Amino acid sequence: IFWGIIMMFICVDAVFAAYEEPELEITSQPDYIVVGQTAEIKFEIIHPRDGVLYNGSFKIKGTKAGTQTFSGKKVTINYHLYFPNGGWHWKSATFTPEVTLDVVGIKSITVSKKVGLVGKECTVTGQTEPAGYEDLIEWEASGTGENFTGKGQNFSFTPSNKGNYTIKNKIG
């Protein structure tokens, strides 16, 4: 008598594939905003197979200088969840659009010591919060019939008349 064990191995071909789920994509946003500025952020929810499922936007406002994260309202969508071996069913997903931007403001202003001397150059230096946006500073000095303008971190002008001069700046 032969005793043996018959072993049977069953091989099943498994199909491994990722389910195709939608993704949120920011389609339009500024590089930065200025304190007090309002901007619109645009986004889409895209399905790899079905294309754009949702177009949306939300408004943001820079309230203080620094890097800030802004969020829009939650969006819930229904989409086709396709199975790797064929077929699909409805599924829901919730997305919250979000962006992180620098909100730029003037951090400090320094005026040269030669202020008040006719015919002597006056230099004003500005710093931004966050740093690195100093080239966006726009300057204006006016007084006694003279106006001077400039742009950048450093602004120099030479008054030729006696009187009071007002120096203004803003982020352009």
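Our structure's up above, just so we're on the same page.
My aim in this report is to walk through the structure given alongside it, one point at a time. (Residues numbered from 1 in each chain as written. Predicted model: local features only at pLDDT ≥ 70, side-chain atom pairs only at ≥ 80, totals over all residues. Heavy atoms only, no water.)

Points about the pattern of salt bridges
One side chain can pair with another of opposite charge once the charged atoms of both are near each other. Under the defined criterion, the tally for this structure stands at 2 salt bridges. One salt bridge connects E20 with R49, and the closest N-O pair in it is separated by 3.1 Å. With a gap of 29 residues between them, E20 in the segment before β1 (23-28) and R49 in the loop between β3 (38-47) and β4 (51-61) connect regions that are remote in the sequence. For K170, the salt bridge is made with E138, and the minimal N-O distance between the two is 3.9 Å. Note that K170 is positioned in strand β13 (residues 166-171) and E138 in strand β10 (residues 137-143), a separation of 32 residues in sequence. (Salt bridge = Lys/Arg side-chain N within 4 Å of Asp/Glu carboxyl O. Helix = DSSP H or I, 4+ residues; strand = E, 2+ residues; numbered from the N terminus.)

Quick notes on the sheet that holds β10
Spatial strand order, β11-β10-β13: 3 strands in an open sheet with antiparallel pairing. Looking at which strands have only one partner, the edges of the open sheet turn out to be β11 (146-151) and β13. With strand direction ignored, the average angle separating the axes of adjacent strands in the sheet is 15°. Bridge count between β10 and β11: 6 bridges; the pairing is antiparallel. Within β11, the position partnered with S142 by the bridge is N147. (Pairing = 2+ DSSP bridges. Axes fitted to C-alpha atoms, helices over the stretch in contact; angles between N-to-C directions.)

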